[in-house]
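Letter by letter, the chains look like this.
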Amino acid sequence: MRYLPHTDEEIAAMLAVVGRNSLDELFCSIPDHCRYQGEMPLPEALSEWQLEEHFAELGEVMTVGSRHKVLIGAGSAHHFIPESIRALLSRSEFLTAYTPYQPEIAQGTLQGIYEYQTLTARLLGMDVANASMYDGASALAEALLMALRIGRKKSRVAVAGSIHPHYRQVVRTYLGPAGYELVELPVGPEGRCDLSALGDLGELAAVAVQSPNFFGVVEDLELLGQQIHQSGALFIVSFSEPLAFGLFKNPGECGADIACGEGQSFGMPRSFGGAGLGMFACREQFVRNMPGRLVGETLDRQGRRGFVLTLATREQHIRREKATSNICSNQGICAMTAAMYMASLGGTGLRRLARLNYDKAQYCQERLGQVGGKVLWNSPVFNEFVIEFAERDFGPVRQRLLAAGIVAGLDLGRFYPEHAGRYLFGITETVDKAVIDRVAEEVEK
Amino acid sequence: MKTFSDLIFREGFRYTEDHEWVGTAAEHLEVGVSDYAQDQMGDIVFVELPDEGAVFAKGEQFGTLESVKAVSELYLPVGGEIIEVNSALGDSPELINSDPYGTWLVRIKPADPGQIEQLLTADAYRQMLQG
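Conventions and cut-offs
Residues numbered from 1 in each chain as written. Chains lettered and ligands numbered in written order. Predicted model: local features only at pLDDT ≥ 70, side-chain atom pairs only at ≥ 80, totals over all residues. Helix = DSSP H or I, 4+ residues; strand = E, 2+ residues; numbered from the N terminus. Rg over C-alpha atoms; globule rule 2.2 N^0.38 Å. Contact = placed C-beta atoms within 7 Å. Buried ≥ 20, exposed ≤ 12 C-beta atoms within 10 Å, placed from the backbone. Pairing = 2+ DSSP bridges. Nonpolar A, V, L, I, M, F, W, Y, C, P; charged D, E, K, R; others polar. Arc of directions from axis to C-beta. Axes fitted to C-alpha atoms, helices over the stretch in contact; angles between N-to-C directions. Parallel < 35°, antiparallel > 145°, perpendicular 65-115°, else oblique. Left-handed = near helix turned anticlockwise from the far one by under 90°. Core = buried A, V, L, I, M, F, W, Y, C linked by C-beta atoms within 7 Å. Right-handed = clockwise from strand over helix to strand, strands pointing away. pLDDT = per-residue confidence, 0-100.

### Comments concerning the overall build of chain B
Across its full length, chain B carries 4 helices and 9 strands. Each helix and strand of chain B, placed in order from N terminus to C terminus, yields the pattern β-β-β-α-β-β-β-β-β-α-α-β-α. On C-alpha atoms alone, chain B measures out to a radius of gyration of 14 Å, which is about the 14 Å that the 2.2 N^0.38 rule sets for 131 residues. Projected onto the principal axes, the alpha-carbon positions of chain B cover approximately 35 × 35 × 25 Å. Summarising the internal contacts of chain B: among those between residues at least 6 apart in sequence, 63% fall at separations of at least 24.

Structure, rendered in structure tokens:
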């Protein structure tokens, strides 16, 4: 669907119909004291080349710029974006902010989202995926709310302490005012979720675990799922790096009831942390409690294949305060991007890319191990891992590397005070061997 | 949608302002929705019912009806325990459209059978709809 701004002539014609002389006059019913008086204090408009120059200057004063090699993931991964995706996205059928309510004019968008849902459901091993949420954090919060709807009279949920700290913060924001109780499960000695307290927590609607977790550690999802199901709770699998499922078992294979997470890895730039993509999928038996939009395949009156929004009767524009969730429009362009990315790679490509990420991260661990770095836990990791340098203070090394254009890891102290001085590294296919070697050499100096 | 004169009312049943009906069977009560309710909702595609053994107070929500155009809450007309849910509705929710008074949703053991006397008679319900 195209966005066509109104021309001055069209605005004048519309004002004439309603009997007003100007836009200001149209808004005259807004009381004066509620309106901004005078001119807006905005600078003069710049020409295109002046504007570009201005932003280039701003970019250069940042500590970390686009030329830096950033060896941090922590929920936002730097992956290569094929040029085909930018080209496809620039097409006007896709590049729109509008939600496709009207099937008669939005078949392209609807089919694109339908493909996204299909690919997401397959990747996560689930029966049904929605048309996406805002990001990984809001997807987790919505998954917990969904479990509370299914659990009816249960009012308590638990989340692993190894879930991304930002996700847990968003969950607290969602659940606290609603009167639900949130329990955080401790991180065990191997950097994995510790469920030993599960029996003492009473009736839980759901337990959420992230894999790979914030430390890059791949959780033993099958075992966790069994224990969680035995306790009578729903099993939610969260993630911030869906690429991992190209290599490791997906949430569905491990018994997840709901799988949700961040899809930024699939073709979206990091852009200071957004816009993201909340991937969300569940078992079919829970579909009526699933939040968000859902595109379905159907036949038109002449028996031709077509696509429409479906199960919309539970959404807020129809069901008001009893709606399954308050999410309506989101940045659907991100779902379209992920569909293009997944389709570009295919199953084989995804597996190879995941393998490449895994191998590079493995090489980085070995290389840092040779110069005194110690990987904190023995658990398997995907493209992130925590490392500590017992013999030396890594802080100054990191500063020198930063000056050389390499951002070497994230000090975990900011999120986990008990892990201060330990560093979370994120290695994707975009990190060259030479960069990893350079980090190791700097440690040795 | 039906005109008022086409609407069916079942004598002997009791009704609520939310358009549920209650019928008395041997040892229990049966609860369904009225012809007016099914007609207003249109084709019913999904029925969400509680677990057997669940206990609800009078007026408490015990399930939902989903049609092609809306989802409506179901409120229990008389407080009590759910002793049976109509499992046929899982595969055939349209039974409610075709036979609203022959299709009960749940059977309940009322906590206080006297509560049924507080509900509307068929006449009173008809008058309420006529406004």
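### Observations concerning the overall build of chain A
The secondary structure content of chain A amounts to 12 helices and 15 strands. At 25 Å, chain A has a C-alpha radius of gyration in line with the 22 Å of a compact globule built from 445 residues. Taking the principal axes of its C-alpha atoms as reference, chain A extends roughly 80 × 55 × 50 Å. Within chain A, buried positions represent 41% of all 445 residues. The contacts in chain A between residues at least 6 apart in sequence include a share of 73% that link residues at least 24 apart.

### Details of the sheet that holds strand β7 (residues 258-262) of chain A
All names here are of chain A. The sheet built from 7 strands is open, its strands ordered β2-β8-β7-β6-β5-β3-β4 with mixed pairing. Of all the strands in the sheet, the pair left with one neighbour each is β2 (128-129) and β4 (181-185). Of the strand pairs in this sheet, strand β5 (residues 206-210) and strand β6 (residues 234-239) are connected by 5 bridges, and their pairing is parallel. Residue pairing for β6: valine 209 is matched across the bridge by valine 237.

### A closer look at the interface of chain A and chain B
Each side of the interface is counted separately: chain A has 6 residues, and chain B has 6 residues. Residues of the side of chain A that touches chain B, tallied by class, amount to 1 nonpolar, 1 polar and 4 charged.

### A closer look at the sheet that holds strand β11 (residues 373-375) of chain A
Residues and elements named next belong to chain A. Ordered in space as β11-β12-β15-β14, the 4 strands form an open sheet in which the pairing is antiparallel. Here the strands that pair on one side only, and so sit at the sheet edges, are β11 and β14 (410-411). In terms of strand pairing, β14 meets strand β15 (residues 423-426) through 2 bridges, oriented antiparallel. Residue pairing for β15: aspartate 411 is matched across the bridge by tyrosine 423.

### A look at the environment of Ser344(A)
All names here are of chain A. The topology assignment puts serine 344 in helix α10 (residues 332-370). A sequence separation of 260 residues divides serine 344 from serine 84, and the C-alpha atoms of the two residues are 8.5 Å apart. In this view, serine 344 contacts Pro82, Ser84 and Ile85; residues no more than four positions away in its chain are not counted.

### Here's the deal with helix α8 (residues 221-230) of chain A
Residues and elements named next belong to chain A. Restricting attention to buried positions, one finds in α8 the residues Leu221, Leu224, Gly225 and Ile228. The buried residues of α8 occupy one face: seen down the axis, they fall within an arc of 100°. Exposed residues lying more than 90 degrees from the buried face of α8 are Glu222 and Gln230. Where α8 ends, the next residue or the one after it, glycine 232, has phi of about 90°, a positive value.

### Some points on the packing of helix α11 (residues 394-403) of chain A against helix α12 (residues 433-444) of chain A
How two helices sit against one another is set out by the angle between their axes and by the gap between those axes. All names here are of chain A. Between α11 and α12, the least distance of the axes is 10 Å, while the angle of their chain directions is 135°. The angle between α11 and α12 falls in the class oblique. Two packed elements cross with a definite hand, and for α11 against α12 that hand is right-handed. Across the interface between the two elements, Val397, Arg400 and Leu401 of α11 pack against Val439, Glu442 and Val443 of α12.

### Concerning the nonpolar core
Ranked by internal contacts, the top residues of the largest apolar core, which has 114 residues, are Ala143(A), Leu144(A), Ala147(A), Ala206(A), Ala208(A) and Ile236(A). Among the nonpolar cores identified, the runner-up in size contains 28 residues, and Trp21(B), Leu49(B), Phe56(B) and Val106(B) belong to it.

### Thoughts on the pairing of β4(A)
Residue and element names in this part refer to chain A. With 5 bridges connecting them, strand β3 (residues 156-160) and β4 associate as parallel partners. Within β4, the position partnered with valine 157 by the bridge is leucine 182. After leaving β3, the chain enters helix α7 (residues 165-175) and then returns to the sheet as β4, a path that is right-handed.

### Quick look at unusual backbone geometry
All names here are of chain A. In this model, serine 211 is joined to proline 212 through a cis peptide bond whose omega is -10°. Here alanine 74, not a glycine, exhibits a phi torsion of approximately 50°, which is positive. Looking at the element boundaries, alanine 74 is found in the loop between β1 (69-70) and α4 (83-89). C-beta crowding within 10 Å serves as the criterion here: with 21 such atoms nearby, alanine 74 is assigned to the buried category.

### Considerations on the environment of Lys69(B)
Residue placement: Lys69(B) occurs in the loop between β6 (61-67) and β7 (71-75). Note: C-alpha distance between Lys69(B) and Leu89(B) (20 residues apart in sequence) is 18 Å. With near-sequence residues (within four places) excluded, Lys69(B) lies in contact with Thr313(A) and Gly42(B).

### Section: the packing of helix α5 (residues 107-124) of chain A against α10(A)
All names here are of chain A. Closest axis-to-axis distance for the α5/α10 pair is 9 Å, and the angle between their directions is 60°. Between α5 and α10, the angle falls in the class oblique. Taken as a pair, α5 and α10 cross one another with a handedness that is left-handed. Residue-level inspection shows Gly112, Ile113, Glu115, Tyr116, Leu119 and Leu123 of α5 in contact with α10, the latter providing Gly332, Ala335, Met336, Ala338, Ala339, Met342 and Ala343.

### A look at the pairing of β5(A)
All names here are of chain A. Across the 5 residues of β5, 5 count as buried, placing the element largely inside the fold. Relative to β5, β3 runs parallel, the two being bridged by 3 bridges. When the sheet's bridge partners are listed, valine 159 is paired in β5 with alanine 208. Considered for its hand, the β-α-β crossover made up of β5, α8 and β6 is right-handed.

### A word on the confidence of the model for chain B
Residues and elements named next belong to chain B. Considering every residue of chain B, the mean pLDDT works out to 94; 100% of them sit at 70 or more. Ranking the helices and strands of chain B by mean pLDDT puts helix α3 (residues 95-98) first, with 97, and helix α2 (residues 88-91) last, with 92. Complex prediction metrics read pTM 0.87 and ipTM 0.73.

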